[in-house]
Amino acid sequence: MSAGLTKHSVMIAGHRTSVSLEDPFWAALREIAEARGQSVQALIGAIDAGRDGQNLSSAIRVFVLEAVRAMPET
């Protein structure tokens, strides 16, 4: 999988914004959202609500890292 940076436009709290993430983070975010029965946009909205001023792209990366770390080892 390529690690290129990809920008997506999302609607958060009624405002459109762009989020740039590496492709593996977008893939992981989609998998996490699907496992939780949420859309990626809803999951990003939840991350945005709890980020306390942190850059949104960074907050998403940290969220994905924490979600992966919390997964049981197989």
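Note: the structure precedes this text.
Below or above, wherever it landed, is the structure these notes cover.

Basis of the calculations
- Residues numbered from 1 in each chain as written.
- Predicted model: local features only at pLDDT ≥ 70, side-chain atom pairs only at ≥ 80, totals over all residues.
- Heavy atoms only, no water.
- Helix = DSSP H or I, 4+ residues; strand = E, 2+ residues; numbered from the N terminus.
- Expected span 1.5 Å × (residues − 1).
- Buried < 20%, exposed > 50% of the residue type's maximum accessible area, 1.4 Å probe, protein only.
- Arc of directions from axis to C-beta.
- Contact = heavy atoms within 4.5 Å.
- Polar contact = N/O pair within 3.5 Å; in protein donor to acceptor, adjacent residues only side chain to side chain.

Moving on, we come to helix H3 (residues 56–70). Look at H3: 21 Å from first C-alpha to last across 15 residues, which is about the 21 Å you get at 1.5 Å a residue. Within H3, the full set of buried residues consists of Leu 56, Ser 57, Ala 59, Ile 60, Phe 63, Val 64 and Ala 67. Viewed along the axis of H3, the buried residues span an arc of 160°, placing them on a single side of the element. Looking at H3, the residues exposed on the side facing more than 90 degrees away from the buried face are Glu 66 and Arg 69. Its buried side turned inward, H3 meets strand E1 (5–12), strand E2 (15–22), helix H1 (23–35) and helix H2 (40–49). Regarding H3, its N-cap is Asn 55, as a side-chain oxygen of that residue lies 2.9 Å from the backbone nitrogen of Ser 57 further along.

Further remarks concern unusual backbone geometry. If you check the backbone angles, Ala 13 has positive phi at about 50° while not being a glycine. Backbone geometry places Asp 52, a non-glycine residue, at a positive phi of 50°. Inspection of the secondary structure puts Asp 52 in the loop between H2 and H3.

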